[in-house]
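Structural features, examined
If you want the building blocks of each chain, they are given just below.
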Amino acid sequence: MESWTSSYWQENSKVCMDEFKKDDSWEKVPLINTTPHHLLKDGQLVRFRGMIQDMYNPVYYLATYEVLDTTTNQKIVRSGKYKDSLQCAEHEKVLFESDLTVNQERRPVYCISVPAVNDWAKCKKTDPRPDQIQGPRCAAGGVKRNVEDTNDTPDESPKVGSNEEQSKRLCSSRSETAVVGGTGMAMDTSSVEQTMDLNLPIPDSQAEACLINFYDVEEGQLQINAVIEVAGFLSYDVALVTSAVDGLDEPLPPPSLVPRLHAVAQRPVHFSNPLLTSQITVDEVVANVPRLRDELKLVLTQLLLGDALAADYLICHLISRIYLRQDMLVLGKFSLNLSNIPDRSTAADYTFRLYQLLQTLLSKSHYLPITLDNMNNINMIPKKNYETNRLESGLLQLSDKTHLVIDETMLEPGQLNDRGVRNCRALGSVISNQRLEYDFQFYPVEFNTDIPVLILSEGKSMLPSDCHLPLEVDAACLATVRETFAAATHYLREPLLSQLRVYLSLVSTADYDLTPEVQQIVQEDFVKMRQEQAKTSAQDLHSLLVLAKLLSLSQGARCLTKECWEMARQMESKRKARIR
């Protein structure tokens, strides 16, 4: 696979695709996310793993074109597929009017590193030996296609610009020189890096971006915010270094910073947990689900200041995911508001310490302190910029199963401005309906989300939630908060730590069923609940069923048992008693 070229792929596409269907074939292809750019070559088969941040309109390219050699009058037919430029020497001329010159469409897509991936789950960059360092080699004789002839440079291409202060890339740590061609001529990209914005929802100094051209994709096959892994041929075309977005003065980020990739194969990425590649680890976890749940509950009980009921609810929240959308009904979401959180004068930094422990267990998460300054200044809602023809990212443009931990304990009195009000509405929509309206200026466009939200607050949150539980704080635990967190960190060591990470990733994906016998029990109990409390609604039953399902899955059960149903009812009874 290392020796494959775009020409070889076109001639042997079926053989190559069969090779990609093998389990270990993808791992043989260098990953842009972990490989320094100066080790990659023009035309090399590579792969990129990331989230689709923006999708542009299809553009035309010359799939085949005829070239005339002006010195010999010989005509040659060449392929323009998987390339950014036409291969045309000084003594050659492209015959655009030839019958053998064929236009086709491809779909440019802008991908970024998956936002909010925690350090332990990130792909680590390789540390090359000195003898491995080399510059990207560009094909000789490449010329940029004329925009008027081919319309091959889309208006929608990403460019150097701004995306609010929170999404600026911290590029000062990277200083890279792109070597162009075989002449040794170098281009210093450090000045470009300092002002370049990769359009990230959450700042990340290690993030990568990639402009990917897809060929022959079906409508709906690519979705905004989907996490994918793409294999394709890399383009380090020297002509792209100075090319500008059509109609704008600013140049595109050079390929040394935002590589161009021509896709030949892709696959969805369902998990960001790298531990799931080890089958032995997965098998061990599946066989020990009840024990691992007990271990996790023990740790969370201590972190939640001795509250075992809160630990049970938190486990259910951590494994929750949407399993069905039907009209306005979203089944499976389980946002949780834990109130009665100690204030800063009682337990300094308690909420952040709790998040840090959760961060070691979750593959994707983000901590959002709700302050007046944050709400009024952070851009949470993605917005279409028609001047640059790109979708400017917002903090809530996250991939599925990215846990959002909202800290309301830092909120102080003050006035929300217009942006702050819109941010609050956006958070409420994500929590209540798992939908977010992107701002396309003239009209909103609604996108589905699957973002589990945990809200930590002193009183009941101002934001909605599926479940509100006031903590019952043990005074002894509150007096030893620092020691408790230190002990929990020490307790979460290998191999237990890896097993819990796999446990939280896997248990929510297991098949689940509701047997007719248990359905009958649920119906009878619901009738009794309505008789005892007239305000009991169908939504209350749905919430109880979701809780019972999460309890069952957390214990490794594939169907709802009578015991889990009773446990869910008891938990809800205790929770409502605390609220009353």
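Structure's up top.
What comes next is a walk through the structure. Numbering of residues starts from 1 in each chain and follows the order in which that chain's sequence is written. Given that this is a predicted model, residues contribute local features only at a pLDDT of at least 70 and side-chain atom pairs are listed and counted only at 80 or more, while totals for whole chains, interfaces and linings are drawn from all residues. The side-chain quantities take in all heavy atoms of the structure and omit both hydrogens and water.

**Let's talk about the side chain of Thr-449**
Comment: elements are numbered from the N terminus, with helices defined as DSSP H or I runs of at least four residues and strands as E runs of at least two. By secondary structure assignment, the location of Thr-449 is in the loop between strand 21 (444–448) and strand 22 (453–456). Accessibility expressed as a relative area gives 3% for Thr-449, which makes it buried. Reaching out from Thr-449, the side chain makes a polar contact with the side chain of Gln-434 at a distance of 2.7 Å. We call two residues contacting when some pair of their heavy atoms lies within 4.5 Å. If near-sequence neighbours (up to four positions away) are discounted, Thr-449 is found in contact with Ile-322, Arg-325, Asp-400, Val-430, Gln-434, Arg-435 and Leu-436. Think of it in three bands: residues with accessible area under 20% of the maximum for their type are buried, residues over 50% are exposed, and the middle band is partly exposed, with areas taken using a 1.4 Å probe on protein chains only. We define a polar contact as two N or O atoms separated by no more than 3.5 Å, with the added condition that, inside protein, one atom must be a possible hydrogen donor and the other a possible acceptor, whereas residues neighbouring each other in sequence contribute only through side-chain atom pairs.

**With respect to helix 5 (residues 279–287)**
What helix 5 keeps buried is the set Thr-281, Val-282 and Val-285. With its buried residues spanning 100° around the axis, helix 5 presents them on a single face. For helix 5, the exposed residues set more than 90 degrees away from the buried face come down to Ile-280 and Ala-287. An arc is given here, and it is the one of the directions from the helix axis to the C-beta atoms.

**Side note on the layout of surface pockets**
Of the two site types, the cavity is a set of points on a 1 Å grid over the protein atoms alone where a 1.4 Å probe fits but cannot get out, and the pocket is an open set with protein on both sides within 12 Å along at least five of seven lines, each lined by residues with an atom within 4 Å of a point. Grid points are joined across faces, edges and corners, and a volume is the space filled by probe spheres set on the points. A volume near 1,100 Å³ is recorded for the largest pocket. Lining the largest pocket are 39 residues, with Arg-49, Cys-123, Phe-271, Ser-272 and Pro-274 sitting closest to its centre. Contributing elements (two or more residues each) for the lining of the largest pocket: strand 1 (45–55), strand 12 (260–268) and helix 5. In this classification, the charged set is Asp, Glu, Lys and Arg, the nonpolar set is Ala, Val, Leu, Ile, Met, Phe, Trp, Tyr, Cys and Pro, and all remaining amino acids, among them Gly, are polar. The residue inventory of the lining of the largest pocket, partitioned by class, reads 15 nonpolar, 11 polar and 13 charged. The computed volume of the second largest pocket comes to approximately 870 Å³. Contributing to the lining of the second largest pocket are 34 residues, with Val-269, His-270, Asp-400, Lys-401 and Asp-450 lying nearest its centre. Classifying every residue of the lining of the second largest pocket gives 14 nonpolar, 13 polar and seven charged.

**Brief notes about the pairing of strand 2 (residues 59–69)**
Strand 2 sits mainly inside the fold: nine of its 11 residues count as buried. Note on pairing: DSSP must find at least two bridges between two strands before they are called paired. Across five bridges, strand 2 lies against strand 6 (residues 102–112) in antiparallel orientation. Paired with Thr-64 across the two strands is Val-102, which belongs to strand 6. Counting the residues in the hairpin turn of strand 2 and strand 3 (residues 74–79) gives four residues, including Asn-73, whose phi is positive at 60°.

**Some words on the environment of Lys-364**
Relative to the helices and strands, Lys-364 resides in the loop between helix 8 (350–361) and strand 16 (365–369). On the basis of relative accessibility, which here comes to 6%, the residue Lys-364 falls in the buried class. Sequence separation between Lys-364 and Leu-398 is 34 residues; the distance between their C-alpha atoms is 9.7 Å. Beyond its immediate chain neighbours, meaning those up to four positions away, Lys-364 contacts Val-114, Pro-115, Ala-116, Val-117, Asn-118, Ser-272, Ser-399, Asp-400, Lys-401, Thr-402 and His-403. In this structure the side chain of Lys-364 is engaged in a polar contact, spanning 2.8 Å, whose partner is the side chain of Ser-399. In this structure the side chain of Lys-364 is engaged in a polar contact, spanning 2.7 Å, whose partner is the backbone oxygen of Asp-400.

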